[in-house]
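A look at the structure
Residues per chain are reported as follows:
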Amino acid sequence: MNDTPHGIRIRPGSLADAPAILDMLDSAVIWMNERGNTEQWGTTPHSQRPDGMARVERYVTENVPYVAELDGAPVGAMVLDSGPSPQMPIAPAEEPERYIRLLVSDRRYAGMGLGAALLAHAVEETRRVGVELLRVDCWAGGGGELVAFYERNGFTPVSRFLSESWPGQVLARRVG
C-alpha cells in the first residue's frame, strides 16, 4: 500500500472492487451532466449500459487496477495497461510504455488530490517495472479542463484524435 496526503491509501485493485468503481463512474457521469458536460461520458450512467459492469470487470481483470481509499472506503480508481485501448484510434508507442486506461474518483471527495495521487502512483509503478514512458488519453472537448489537469500533473500533449465525433488528446510523461 502507498500512503498519500489527506490519509489516502493506494492499493492494488481486484474484481471485488468492480461495484465500487462502477459507482464512481456513475457518479462522475451525473456530476458532469449536472455541469452541462454531456459529451465526455454521455448521459447514461455506466451501470445502466448493457456492457457497464462487464466493462469494469474487464478493466480490473485484464489490466492492472489500483484503488485509492480514504478511511478504508474506495474513493478513486486507476487502471494501467501496456498500451492504449484497441478500440481507440491511438497507435501504440514505439517503445515500451504504461498506459492509463481509466482514472476516476468519487466526486464527493473532489479537491483532495485523489487524481494527482493516483497519477503519482502510476509514475512510481511505471518506474518500478523499468519503463520510461507513461501515456494517457482524455476528452479534449469543453474548455480543455481535463487536458489542463494532466498538464498540471506533468504530462505533455503529444497528439489529438477523433473517435467518431469525440475529440481526444493523448498526453505523455517521461518517468525514467
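Structure first, text after, so check above.
Owing to the predicted nature of the structure, the values given are computational and were not obtained by experimental measurement.

Structural notes on the overall build of the chain
Each helix and strand in the chain was counted, giving four helices and eight strands. Starting at the N terminus and walking to the C terminus, you meet the elements of the chain as β-β-α-α-β-β-β-α-β-α-β-β. Taking 16 Å as the expected radius of gyration for a compact globule of 176 residues, we find that the chain reaches 15 Å, a close match to that expectation. Once the C-alpha set of the chain is aligned to its principal axes, its extents read approximately 40 × 35 × 30 Å. In the chain, buried positions account for 48% of the 176 residues. Residue pairs in contact within the chain that sit at least 24 positions apart in sequence constitute 60% of those at least 6 positions apart. Put simply, the chain shows about 8900 Å² of open surface, and 49% of that area lies on carbon and sulfur atoms.

Quick word on the nonpolar core
M78, I100, L103, L134, Y150 and F155 are the most contacted members of the largest nonpolar core, which has 26 residues in total. Those elements giving two or more residues to this core turn out to be β2 (8-12), β3 (64-70), β4 (73-81), β5 (98-105), α3 (114-128), β6 (133-139) and α4 (145-152). The greatest single-element share of this core, amounting to six residues, is contributed by α3.

Quick look at the pattern of salt bridges
Taken as a whole and assessed by the stated rule, the structure comprises eight salt bridges. Across the pair R174 and E95 runs a salt bridge whose closest N-O atoms are separated by 2.7 Å. Note that R174 is positioned in strand β8 (residues 166-174) and E95 in the loop between β4 and β5, a separation of 79 residues in sequence. Here E97 and R135 are joined by a salt bridge, their closest N and O atoms 2.5 Å apart. You can see E97 sitting in the loop between β4 and β5 and its partner R135 sitting in strand β6, a full 38 residues away along the chain. Taking the relative accessible area as the measure of exposure, E97 reaches 3% and is therefore buried. What you see here is one network of salt bridges that share partners, running through R11, D17 and E69.

Some thoughts on the side chain of D81
Looking at the secondary structure, you find D81 in strand β4. On the basis of relative accessibility, which here comes to 18%, the residue D81 falls in the buried class. Within the structure, D81 has its side chain in polar contact with the side chain of R101 (distance 2.3 Å). If we ignore the near neighbours within four places in the chain, the residues touching D81 are N63, E97, R98, Y99 and R101.

Some words on the pairing of β5
β5 sits mainly inside the fold: six of its eight residues count as buried. With six bridges connecting them, β4 and β5 associate as antiparallel partners. Along β5, the bridge assignment pairs M78 with L103. Handedness of the crossover joining β5 and β6 through α3 is recorded here as right-handed.

Observations concerning the side chain of R11
Mapped onto the secondary structure, R11 falls in strand β2. Relative accessible area serves as the criterion here: at 15%, R11 is assigned to the buried category.

Cut-offs used in this document
Residues numbered from 1 in each chain as written. Predicted model: local features only at pLDDT ≥ 70, side-chain atom pairs only at ≥ 80, totals over all residues. Heavy atoms only, no water. Helix = DSSP H or I, 4+ residues; strand = E, 2+ residues; numbered from the N terminus. Rg over C-alpha atoms; globule rule 2.2 N^0.38 Å. Buried < 20%, exposed > 50% of the residue type's maximum accessible area, 1.4 Å probe, protein only. Contact = heavy atoms within 4.5 Å. Areas by Shrake-Rupley, 256 points an atom, 1.4 Å probe, with all protein chains shown as cover. Core = buried A, V, L, I, M, F, W, Y, C linked by side-chain atoms within 4.5 Å. Salt bridge = Lys/Arg side-chain N within 4 Å of Asp/Glu carboxyl O. Polar contact = N/O pair within 3.5 Å; in protein donor to acceptor, adjacent residues only side chain to side chain. Pairing = 2+ DSSP bridges. Right-handed = clockwise from strand over helix to strand, strands pointing away.

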